[in-house]
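Residue-level listing of the chains:
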Amino acid sequence: MKTTQALSAVMVAVAALTTGCAGTGNLTDTNHSTRADAATYGTIESIQVVRVDPATSGAGAVAGGLVGALVGNQIGSGSGRTAATAAGAIGGAVVGNQVESNRNAPHDVYQINVRLDNGDYRTVNQDSAYDLRSGSRVRLVDGRVYRY
């Protein structure tokens, strides 16, 4: 019974850690000026589609290895348990790394270059540019570009 409780506690902790590491990944703001105000106005200079290839952090492999080792430890006894724990850790690490790689697959984003009303430039990467065109008047709010 203690082992089941410990396994449950570790699984909840791993789930909480991996959920905290999962970001949206769709926004990158290169700010060439200060963030003096929350909303800034400007005009779109250009929009390009760029390929973003995020790297894996290793968190998936670590989490998978921990879960695999805990599951493997529940199997057998003696040296069989040790072998099952090692196999579970290795298998879990491989699966965890693959899951993280799939979540962080390369994808296209729109790189939007905006000339602000005060003369500064900002480059924002976002997942869509639905109604945005070069020359559009826009508002930047929290790292995203909106037409107004």
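Residues numbered from 1 in each chain as written. Predicted model: local features only at pLDDT ≥ 70, side-chain atom pairs only at ≥ 80, totals over all residues. Heavy atoms only, no water.

As annotated in an unreviewed UniProt entry, the protein chain carries the name Glycine zipper 2TM domain-containing protein and comes from Pseudoduganella chitinolytica. Per its UniProt entry, the protein chain bears the Subcellular location (unreviewed entry) comment "Membrane". (UniProt positions renumbered as here; feature names shortened; annotations may be inferred.)

A. Highlighting unusual backbone geometry. With a phi close to 50 degrees, Asp 142 is a non-glycine residue in the positive phi region. Relative to the assigned elements, Asp 142 resides in the loop between strand E5 (137-141) and strand E6 (144-147). Under the relative-accessibility criterion, Asp 142 is labelled exposed at 64%. (Helix = DSSP H or I, 4+ residues; strand = E, 2+ residues; numbered from the N terminus. Buried < 20%, exposed > 50% of the residue type's maximum accessible area, 1.4 Å probe, protein only.)

B. Up close: the packing of aromatic side chains. Taken as a whole, this structure holds one aromatic pair when the rule is applied. Taken together, a centroid distance of 4.9 Å and an interplanar angle of 75 degrees make the contact between Tyr 41 and Tyr 148 edge-to-face. Of the two residues, Tyr 41 sits in strand E2 (residues 39-52) while Tyr 148 sits in the segment after E6, which places them 107 residues apart along the sequence. For Tyr 148, a relative accessible area of 51% corresponds to the exposed category. (Phe/Tyr/Trp six-rings, centres within 6.5 Å; stacked < 30°, edge-to-face > 60°.)

C. The pattern of salt bridges, seen in detail. Evaluated as defined, the whole model comprises three salt bridges. In this structure, Asp 108 and Arg 51 form a salt bridge, with 3.1 Å as the shortest nitrogen-oxygen distance. One end of the pair, Asp 108, is in strand E3 (residues 107-116); the other, Arg 51, is in strand E2, with 57 residues separating them in the sequence. With a relative accessible area of 44%, Asp 108 lands in the partly exposed category. When its relative accessible area of 55% is taken as the criterion, Arg 51 is described as exposed. Residue Arg 137 is joined to Asp 117 by a salt bridge in which the shortest nitrogen-to-oxygen separation is 2.8 Å. Taken together, the positions of Arg 137 in strand E5 and Asp 117 in the loop between E3 and strand E4 (121-126) put the pair 20 residues apart, joining distant regions of the chain. (Salt bridge = Lys/Arg side-chain N within 4 Å of Asp/Glu carboxyl O.)

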